[in-house]
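A structural walkthrough
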Amino acid sequence: MAIVISSSRKGKSRSLDALENPFVGPMRPPANETSAQRSERARALQDAQARSRKIDDDLQETKRFLERRKKALKILLLGQAESGKSTVLKNFQLAYAPATVQRERVAWKRIVQLNLILSVKAILGCLQADWNAGSGPTDSEADKRLRALSMRLKPLIAVIRDSKVLCDEQRGLSVPAGGAWKQLFTTTRDRFSTDSELFNRMNLERNDPGGLLHASKEDIMLLWTDDVVQRTLARHSMRLEESSGFFLDDTPRIADIDYLPTDDDIVRARVRTVGVEEHHIIAENGKDKGAEFFITDVGGSRSSRASWVPYFDDVNAILFLAPLSFNQMLEEDPTTNRLEDSLSIWRDLCGSKLLAHCTLILLLNKKDILARALASGVEVKKYVTSYNEENTVPNVTKYFRDRFKHYHRKLSPTGASRPFIVYETSAIDTRTMKSLVVTVHDSIIRKNLANSDII
Ligand SMILES: Nc1nc2c(ncn2[C@@H]2O[C@H](COP(=O)(O)OP(=O)(O)OP(=O)(O)O)[C@@H](O)[C@H]2O)c(=O)[nH]1
Ligand SMILES: [Mg+2]
């Protein structure tokens, strides 16, 4: 639009406005504007103003959130894959934000169902491998029975392939970071009033395993309790009951149409963390009601560890999970012992200058698995040659505790002045964990206040 410089007082000021503010001219209404156009323009202007106010409000909200975040306690969970980081996070959520967990229960239902289906898939995989190798059951009755079961359970296995959760053949379930997957699952209706409604839904929603699981309940139990299957699994050294996300013994309950996971199911469910997730927790009740803190959960596999470092400079405490799995190897590197791997990460953390003033808390986790391994007669010395004590839980935990303590003393940049804080845990024990996470949270607060010279 051309800018006309008029000599009249009014015109002059308008033209100067236009010269100073390039938007004034183009924003001026057309001379021949109709009343409908005028009201349309007014509405558009109101919309634009509302959008602009919304952007301002959002920016203010983000600013307030960042200020709150700056003041809030920040905890980073570290440790190798399957060490129990996400399980500890779930325990924090159960202790401080039970209503939030309640809202997400349906999402966990899907994970538990998929964990169960993955176990069925593992069994069928063993049977199929034997059939392919021509070494299936010699008893023809058993062979016929298991082939029929295998056929009937095939549609259930297809659910995994179709699932919106990322499902890796070898490594189980993983979901994208950020928690959006929980909404994906919680938006669907998860209860049926009649069987016909159920089967209609099964056809409509292939991704929902609830209906198929219900229909396959008996077959799963027949498969899992079959003697021939148990012998086949033993021959393949497949100890499903010792692996993460094991729910086969709970099939009747989980395949029930009204199934909703208990707190214990939620902490036992296995889903691999991919990337880095920050969880904002606001205490819903108790003495800390309203207190806010942030917990960052990361993926623990070797390839994920480079992504940990950027989170080191903005953290008050690190909870380091070291499972007491002295007789297990890393999934991504079957030549490396899990405990040696944990010690190696611990050494790096203790010696890190970036973390010199960060509280390090060690959780020697999976104590229940250690107890089971020792009770079944596994010898520690066979896996840890320097171990010379009797194979008891207190001896073994003390041995590893001392090794972690040694590196902590030796490598910490602040030397002996940094306290060595350690807890022995079984992170799936929700009852004990409830008081433990509160103790840990309180101790971090106290340490944080002491650091800032308030106490
Ligand atoms: N028996 C037993 N199982 C545990 C314990 N802690 C965790 N688990 C189980 O171990 C599996 C792995 O735990 P997660 O918390 O997912 O491990 P993570 O460290 O987050 O693993 P990534 O996300 O892969 O890095 C889950 O199925 C847990 O239920 C424990 O103390 N005892
Ligand atoms: Mg995890």
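Residues numbered from 1 in each chain as written. Chains lettered and ligands numbered in written order. Predicted model: local features only at pLDDT ≥ 70, side-chain atom pairs only at ≥ 80, totals over all residues. Heavy atoms only, no water.

**Concerning the coordination of the magnesium ion (ligand 2)**
The magnesium ion (ligand 2) binds to the protein through Ser86 (OG) and Thr273 (OG1), with metal-donor distances spanning 2.1 Å. One end of the pair, Ser86, is in helix α4 (residues 85-96); the other, Thr273, is in strand β4 (residues 272-273), and 187 residues separate them in sequence. Neither Ser86 nor Thr273 differs from the other in exposure class; each is buried. (Donors = N, O, S within 2.8 Å, 3.2 Å for Na, K, Ca; no water. Helix = DSSP H or I, 4+ residues; strand = E, 2+ residues; numbered from the N terminus. Buried < 20%, exposed > 50% of the residue type's maximum accessible area, 1.4 Å probe, protein only.)

**Focus on the sheet that holds strand β6 (residues 292-298)**
The mixed open sheet is built from six strands, whose spatial order is β5-β6-β1-β7-β8-β9. Where the open sheet ends on each side, the last strands, each with one partner, are β5 (276-282) and β9 (421-424). Adjacent strand axes in the sheet meet at a mean angle of 20°, parallel and antiparallel pairs treated alike. Note: strand β1 (residues 73-78) against β6, five bridges, orientation parallel. Paired with Leu77 across the strands is Asp297, a residue of β6. Across the face of the sheet, α4 comes into contact with β1, β5, β6, β7 (317-323) and β8 (359-365) while running at roughly 160° to β6. Docked against the sheet, helix α15 (residues 393-411) engages β7, β8 and β9, running at close to 155° with respect to β8. (Pairing = 2+ DSSP bridges. Axes fitted to C-alpha atoms, helices over the stretch in contact; angles between N-to-C directions. Contact = heavy atoms within 4.5 Å.)

**Regarding helix α9 (residues 210-224)**
Owing to its 3.6 residues per turn, the α-helix brings residues three or four apart onto one side. The principal kink in α9, of about 60°, is found at Ser216. By the burial criterion, the buried members of α9 are Gly210, Gly211, Leu213, Ser216, Lys217, Asp219, Ile220, Leu223 and Trp224. (Bend = angle between axes of the 7 residues up to and from the residue.)

**Focus: the packing of helix α13 (residues 338-351) against α15**
The angle between the axes and the distance between the axes are what describe a pair of packed helices. Between α13 and α15, whose axes approach to 8 Å, the crossing angle comes to 25°. In terms of orientation, α13 and α15 fall into the roughly parallel class. Crossing hand, α13 versus α15: right-handed. In contact with Leu339, Glu340, Ser342, Leu343, Trp346, Arg347, Cys350 and Gly351 of α13, α15 contributes Phe400, Arg403, Phe404, Tyr407, His408 and Leu411. Per-class residue counts for the contact of α13 with α15 are eight nonpolar, three polar and three charged. (Parallel < 35°, antiparallel > 145°, perpendicular 65-115°, else oblique. Left-handed = near helix turned anticlockwise from the far one by under 90°. Nonpolar A, V, L, I, M, F, W, Y, C, P; charged D, E, K, R; others polar.)

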